[in-house]
Amino acid sequence: MKLVRVGDKGAECPGVYLADGEIVDTSAVTNNYDEPFFASDGIERLRVWLDENKSTAPRIQPGVRLGAPISRPSKILCIGRNYHEHAAEMKSEAPSEPLVFNKASSALTGPYDSIEIPRDSEKTDWEIELAIIIGKKAKYINEEDALDYVAGYSILNDVSERAFQKEHSGQWCKGKSHDTFAPLGPYLLTTDEVADPQNLDLLLKRNGEVMQRGNTRDMVFSVRYLVAYLSRFMTLLPGDVIGTGTPSGVGAGRTPPRFLQPGDSLRLSIEGFSEQRLQVVASS
């Protein structure tokens, strides 16, 4: 299934994309795709309801804004330098243990919304990532069981202000958490529709030019490993998001470096998913 949330920011309602491109309103099952929904076996309940009501359920009219496919999660966790080629372009060794950092959940935004360049920014960068959405509470789980705790996957743009991240002392979260720095979507694709999360092509274009092209098989640490690893240090809650790292081609890794400017456009796609389309604007 392809879970979406549609409507004005902060007032989205839940839906499901059908094969014909229509969106079914699933408000009869839940008022949101959030922690209570996932924790109560919501995906299975939704699947049963859809089988019984797909033909008669109300449709959402075309042209309505798509928000992030989940409501604000308790955590957005990301993994740094988790692709061998990306570590190399950053003149770094692949890490021996996952490099974990947080993005503020307030950075979450929709797949077609604008990315804001923060005030005083000169180094705002792009990073396409496969995002994991946790489906049930995970604590001290085994790697072989890790995918049982995943609700689905999505596309995440881990937008990063490199000067804030690396030149202002302290932790990376300062460069990762500006409003709009976590575009997610356009939908959550449930695990039954992703045959192998370790063999997915990723592509990011800036103004039509290919910037990033990679495959999740280049990950240093796999999806299974990351879910199990993180559950050793904190409880993962239903609806939490994990960004699994980015392939090579980021602006900071280029010679000379290249960064986002107001007026730029970004298109992000992962094999088997639809596409993010984002415009870059100056912060108000």
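This report concerns the structure included in the present document. (Residues numbered from 1 in each chain as written. Predicted model: local features only at pLDDT ≥ 70, side-chain atom pairs only at ≥ 80, totals over all residues. Heavy atoms only, no water.)

**Comments concerning the state of the cysteines**
Reasoning step 1: Scanning all chains against the criterion turns up zero disulfides.
Reasoning step 2: For the unlinked cysteine Cys-78, the closest cysteine sulfur is that of Cys-173, found at 11 Å.
Reasoning step 3: Classification of Cys-78 as buried rests on a relative accessible area of 0%.
Reasoning step 4: Since its relative accessible area comes to 30%, Cys-173 is described here as partly exposed. (Disulfide = S-S within 2.5 Å. Buried < 20%, exposed > 50% of the residue type's maximum accessible area, 1.4 Å probe, protein only.)

**Topic: the sheet that holds strand β19 (residues 265-270)**
Reasoning step 1: The sheet built from five strands is open, its strands ordered β9-β20-β19-β16-β17 with mixed pairing. At either end of the open sheet lies a strand with only one pairing partner, and these are β9 (114-117) and β17 (209-215). Here the strands of the sheet are splayed against their neighbours by 20° on average, with no regard to which way each runs.
Reasoning step 2: In this structure, β9 lies alongside strand β20 (residues 275-282), joined through four bridges in parallel fashion. The residue of β20 that forms the bridge with Ile-117 is Ala-282. (Pairing = 2+ DSSP bridges. Helix = DSSP H or I, 4+ residues; strand = E, 2+ residues; numbered from the N terminus. Axes fitted to C-alpha atoms, helices over the stretch in contact; angles between N-to-C directions.)

**Remarks on the nonpolar core**
Reasoning step 1: Ranked by size, the top nonpolar core spans 75 residues in total, and within it Phe-38, Leu-46, Val-227 and Phe-273 carry the most contacts.
Reasoning step 2: The element contributing the most residues to this core is strand β11 (residues 128-134), with six residues. (Core = buried A, V, L, I, M, F, W, Y, C linked by side-chain atoms within 4.5 Å.)

**Structural notes on the packing of aromatic side chains**
Reasoning step 1: In total, this model carries eight aromatic pairs according to the counting rule given.
Reasoning step 2: Aromatic pair Tyr-17 and Tyr-187: ring centres 6.0 Å apart, planes at 80°, arrangement edge-to-face. Here Tyr-17 is found in strand β2 (residues 13-17), whereas its partner Tyr-187 is found in the loop between β14 (182-183) and β15 (188-190), with 170 residues between them in sequence.
Reasoning step 3: For Tyr-17, a relative accessible area of 24% translates into the label partly exposed. (Phe/Tyr/Trp six-rings, centres within 6.5 Å; stacked < 30°, edge-to-face > 60°.)

**Here's the deal with the pattern of salt bridges**
Reasoning step 1: Evaluated as defined, the whole model comprises 17 salt bridges.
Reasoning step 2: With a shortest N-O distance of 3.6 Å, Arg-47 and Glu-44 are connected by a salt bridge. On the criterion of helical spacing, the pair formed by Arg-47 and Glu-44 is a turn pair, its members being three residues apart in helix α2 (residues 42-53).
Reasoning step 3: For Glu-44, a relative accessible area of 38% translates into the label partly exposed.
Reasoning step 4: Through salt bridges that share partners, Lys-103, Asp-125, Glu-127, Asp-158, Arg-162 and Lys-176 make up one connected network. (Salt bridge = Lys/Arg side-chain N within 4 Å of Asp/Glu carboxyl O.)

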